[in-house]
Structure formats: C-alpha cells, structure tokens
Amino acid sequence: MNFLKRKLPLIIVFFTGVIMMIAYYVPHSPFGDMWKGASSWYMVIAGFTLVLGVVSLIRNHYRKIRLGKQGFGYSIVMFITLIITAIFGVLPPENIYTLRPVDIEEENWSAFCSTLARKGQGEVPGPCRRIWTLLPKEARGAAQEIAESKNATEPAKESLIAGLNQVLGNPNLYRKESFPGIYLSSRVKELLGKDSKTLIDREINEMNRNVLMGAFPDDIAEIRNPMRGNKAGSVFMWVFDYINSAAAATVFSLLAFYIASAAYRAFRVRTLDATVMLITALIVMIGRVPYGEMFSNFLTEKISSHLVFLRLDKLTTFFLNYPTVAAKRAIILGMGLAMVSTSMRVILGIERTYMGSDE
Amino acid sequence: MKLKTAEKLLSIDRRIIFLLVAAAIILPIIFPLNLPVNVTDEVRGVYNEIQQLPPGSKILVAFDYEPSSIPEIEPMAKAVLQQCFDKGLKIVGISWLELGRGNAEKVLNIVESEYKEKGDPIEYGEDYAYMGFKPGKQAMILNLGSDFKGTCKTDYRGNEVYSMPLLEGIETLGDFDYLVCLHDDSMINHWILYGHEETGIKIGSFCTAVMAPGIYANLNAGQITGIVGGLKGGSEYEKLLEYKGAATKGMDSQTVIHLLIVVFILIGNIAYLVKEHHLKKERLR
C-alpha cells in the first residue's frame, strides 16, 4: 500500500520528468515521439479539468444550499444559470434550414406564388420550373390559389410551405441549367460536390435552402439563428452576450470608481519610495492621454527645443522602455530560476506537496 | 491652507468622488472632445508588419481574453480584422481560454456582417475560419508547432480542418505569416516561449492597458514586433486605419478620467502635507 501510495507516484514523476528533459534536447526517436504523445495526453487531461471544475462547483454550492449558509441564494441562482446554459448549449441545434410561413414576407406571398405558378408551368427552364416539377400536387394547387386570389390564406400558405419543405429534402434539387448564375457559398459548393447518398438530412436542407435563397433572394428570408446549440443567436450565446459579458464588464468597470477613490485617499507621499512611485504614476497617466501630450508639447516648444526630452510622452516611453523593462527582466529571470529549481525538487522527490496533505 | 480645510478635504464623502468619476466618463461620451491621437512606435510595429504582408498571407488570431476585457480589446480586434480583410489576408482564429470562444464568435460575426453590408462579403472557410477553444495551454501551443491540423482536427463548426482550403500549406504554427495575440492576461508569454521561440512565428500583442507595461521586455528583446495596449493603443491603430471606432471615442473619457485622478492625487497629497505640517508644528509647541 505504501509502495502504491507513496513510492510509485515518485517513480512515475521521476522518470516522466527525466524523459521529458531528454526529449527537449534530443528530439529524435524514441524521445521525440514520447514528447509528442505526452503533450497530446496533457491536452486531453487539460480538457478533463473543465469537468472537474464543474463537479467541484456543483459540490461546493450544493453544500452551501444544504447547510443554508449565508448567501446560499446566490448558489441557487448559480444552479439555475448553470442548468439553463448547459441544457441549451449541449442540445444539438434544431433544423434551421426548413421553411416556415414567416420566412416569406406577408406582402411577397402573392408575387412569389404568381411567379412560381406562371414560370413553373412555362417551357423555359429555370428555378421556378424545377421547383414546380418537384412540388406535390396540393402545394401546386395552393400556389395557384394564392396567385389567382391575391390573398394568401393560412391553410394555403401552410400547404405550400409543406410542399417546399419536401422539395428542400430532395438531394437532387440543384441542377446547373435550372439555377444559372445564382450565388453559391463555398459551403454550398462543398455540399453539392459530395455524393448525395453520403449527405444527412440536415445537410441536404442546408444546401437546398441556400440554393432557394440564391434563386429567390427577395422573397425567401435569410436562415434564422438556432435556439439550441452554442452558435450565434442561440440561447447559450444570448446568455453569454447579455448576461455573462455584461456582468463581467460591469464588475470590471467598477474598478474605475474604486481606483479613483483609493488614489485620493491612500496614494500619499509618505516615504521616498512612495514619492518616486507617485511622480512616475502621474507622468505616465498624463503622458498616455492626448491632453498630456498636447500640454507638454506646448510647454517644450514655447520654452526651449532643448527640453524635448521632458515631453511627457517621451518620459512615459522612457519609463516603459528602461526602468520597467529592467525590473520585469529581473522578475522573469527570477521566475525562470525558481521554475527550474521547483521542477528539480519535484523530479527528485524533495517537493511532495502535490501528493496530498499527508506529505 | 488651514488645518480644518485640509481635514475636510481628506475626509470627503466617497460618493462625491464616485459622482465626479461618473460625470468624467459620461460627459465626454455625450459631448465628444475629438482629441488628437499620436501614433507610437509600438503600435506602428504591429501595423507595419501586417501591412507589408502580400494578399493571401495567413494570420493566426488568438482570442485569449475574457468578457470583462471586451470594452478594451474588442475595438482592437475589429480594427485588426478589418485591416487584414481589406488587404486580402486570410484569418484563422483560435482560443486557449474557454471564454475566449464566445468573444471570438461575436467579433467575427460583427465583422462578417459589416462586410456583407458593404457589399464585399467575406466567407467562412475561404477568408476566415475559427478553430474554437483548444485546451492544453502550453502543450497546445507546442503541438501546434509540430502539427497544426492534427492538434485542431476540427473547427468550431465541426468541419474537418484537413479539407479546409484556407489551411492549405499550413502544417505547423511556423507556416503562418503572423500571430495576432488578443489577450488580457499573460498568455502572450506562452505564445512567445512555445510559439515564437520554437517556430520563429512573428507576434503582435493587442492587450489591455494594465498588461502592456509587463511586455515591453519582450518588445525590447525582439520577441514581439509591437504592442497595441489598451484604448490608447486601439485608438492609435484606428488612426492608422483612418477610421474612428470605439477606441477613439473612448479615449475622450479616458483622458478626462486620467486628469481627474491626477487632480485627486494632487489635492489629496496637498491636504495630507498641510495636515502633517500643522501636526508637526503642534508637536513642537
């Protein structure tokens, strides 16, 4: 038990660490393949951490609600939003390519049916003729009725829409000679290029709806956004855009108020260090905005051209390019050395906190 | 200044400060100041690098920012995408941040509809594609460096990347002509460490203002070609593209609020010094 719990993890960590180090410097077989395999594993494991995160979130908030801890109401809100976004995000999107009566504008119904019936029964090949030949008898009758009466009744509309949806399900609707010169996106071209037997119903609908839109751009509406799934226009994205993004931006924006208040109350010239920091902050804050540049440009130009180096934008660039970079480099080097030493401690089994609190 | 006045100033109600801050932000939005913007070398470094690429060049755009940073980064994202599409460059998007996916989809949709309205539509799969969220962070970048398509496998719409015409000729991360990194955290360090250093890909940073000072070290070392930092950087980029977007409009508010905070600091410190002076005098007595 002691071996499985304590020694085995240390052995695995030691060998993995050493092999990865060798693989970095010796990218040839077998180390190169090991490196590739390990980094692919890492990606898969990293994906699972998301699941772990959700499980941990649920457990924590469930405990809060069960024990009635302070602020448990927020946990209930969290559960509701989690469930709603998860359901709408995970569900497969509905078929958005089929037609609904609202996809043809109310005032266009009569004109659309007239064109369809007239050209469909004509001799000239074209989209109308092609669709007319594929339309079921009832749908043709409905189109004829609307065209003659100039009044699109609900039953007639539904009958024609049902017929058109049947046409949209036909994998052989598109023929080049019937739809000359219509705009086809690369996606539609890709679908048309495939063997129709390999296409699923949704793809056939997508392809034909686009063909129909290309043939009747003024009559057939654009494809609607799906409610389900996680694409643009879905409930999931609505929650992201109008709740998540808005709430996050609001919380972040509050910083402006707190920074201003804190700057007024706490940013004091108490010590030399604080004074240097305050002066630098003032220069950078003014130097990074147009008024600061304008003001200092005016002063340096009016007083003396030798004072150009005192321009606030120049001073700001100096601070960012030299003192900041020097400090940052020191931090980066320190971090790098710390990472190396910590990694060595983990590989050699000196650092064992990752194995749990017992260690 | 008397001691009483100094004490009054030091104990001012914070709600007054909040009201002044709100006014400083809102008023310039209602009454724009149209302040001039000077373009810095850091911003020009990114712009020039993209501008010199021939049409058809491929750019990888990393959407690595959270929704809280949308006001700062989205204007830059729109500006750089517009520059690329206007020049006929091809865009491939990717995110290693879960929330970056929603931001990427949003901004790509906005830009796509803008081009559609202009009568010059851009097409998914031909002009741009988005790989979606790819987990694994450092490992993901390393894998992109050795096998881009094998790491991505599918785009966010579920299309196989192997058959995507846009990705023809792209085998590794190094085959891209440039990497635009839109970030609000230290992700760029990993793109530099595991992307630039491994494959030599050139990188431009588009980041929040708070992140910018931290990456000047990378700029000085030549690991990135430039920095577009915060609304200021965004407004400079918009100036180079000769249009006024959200960043340029936001700079008026930012200017006034910066000046207001400077005034706050000065008043606070003058009052503090006066109080200290009086207290010192009293102690000596």
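Remember, predicted model here, so these are calculated numbers, not experimental data.

The rules behind these values
Residues numbered from 1 in each chain as written. Chains lettered and ligands numbered in written order. Predicted model: local features only at pLDDT ≥ 70, side-chain atom pairs only at ≥ 80, totals over all residues. Contact = placed C-beta atoms within 7 Å. Helix = DSSP H or I, 4+ residues; strand = E, 2+ residues; numbered from the N terminus. Nonpolar A, V, L, I, M, F, W, Y, C, P; charged D, E, K, R; others polar. Buried ≥ 20, exposed ≤ 12 C-beta atoms within 10 Å, placed from the backbone. Domains from an automatic or database assignment. Axes fitted to C-alpha atoms, helices over the stretch in contact; angles between N-to-C directions. Parallel < 35°, antiparallel > 145°, perpendicular 65-115°, else oblique. Left-handed = near helix turned anticlockwise from the far one by under 90°.

S.K.: How would you summarise the interface of chain B and chain A if you had to cite specific residues and measurements?
M.R.: On the side of chain A, 48 residues touch chain B, which itself brings 50 residues to the contact. Sorting the residues of the side of chain B that touches chain A by element identifies α2 (14-30), α4 (70-86), α5 (100-117), α6 (138-146), α9 (216-220) and α11 (246-284) of chain B as the ones contributing at least two each. Sorting elements by how many residues they give to the side of chain B that touches chain A places α11(B) first, with 14 residues. Of the residues belonging to the side of chain B that touches chain A, the class tally is 26 nonpolar, 15 polar and nine charged.

S.K.: Tell me about the environment of B:Ala246, residues and numbers included.
M.R.: Residue and element names in this part refer to chain B. Mapping Ala246 onto the fold places it in helix α11. Residue Ala246 is classed as partly exposed on the basis of its C-beta count, with 18 C-beta atoms lying within 10 Å. It is 22 Å that separates the C-alpha atoms of Ala246 and Asp120, two residues lying 126 residues apart in sequence.

S.K.: Any chance you could break down the domain arrangement of chain B for me, citing the residues and the numbers?
M.R.: Here chain B is partitioned into domain 1 (3-31 + 255-284) and domain 2 (41-244). With centres defined by C-alpha atoms, the gap from domain 1 of chain B to domain 2 of chain B works out at 42 Å.

S.K.: Would you mind going over the domain arrangement of chain A in detail, with residue names and values included?
M.R.: Annotation of chain A at the domain level lists domain 1 (2-69), domain 2 (101-215) and domain 3 (258-347). Taking the mean C-alpha position of each, domain 1 of chain A and domain 2 of chain A sit 54 Å from one another.

S.K.: Could you give me a rundown of the packing of α4(B) against helix α10 (residues 230-240) of chain B, with the residues and numbers involved?
M.R.: All names here are of chain B. Running from N to C, α4 and α10 cross one another at 20°; their axes reach a closest spacing of 9 Å. Judged by the angle between their axes, α4 and α10 are roughly parallel. Like other packed secondary-structure pairs, α4 and α10 cross with a definite hand, here left-handed. Between α4 and α10, the residues in contact are Glu72, Pro75, Met76, Ala79 and Val80 and Gly230, Leu231, Gly233, Gly234, Tyr237 and Glu238, respectively.

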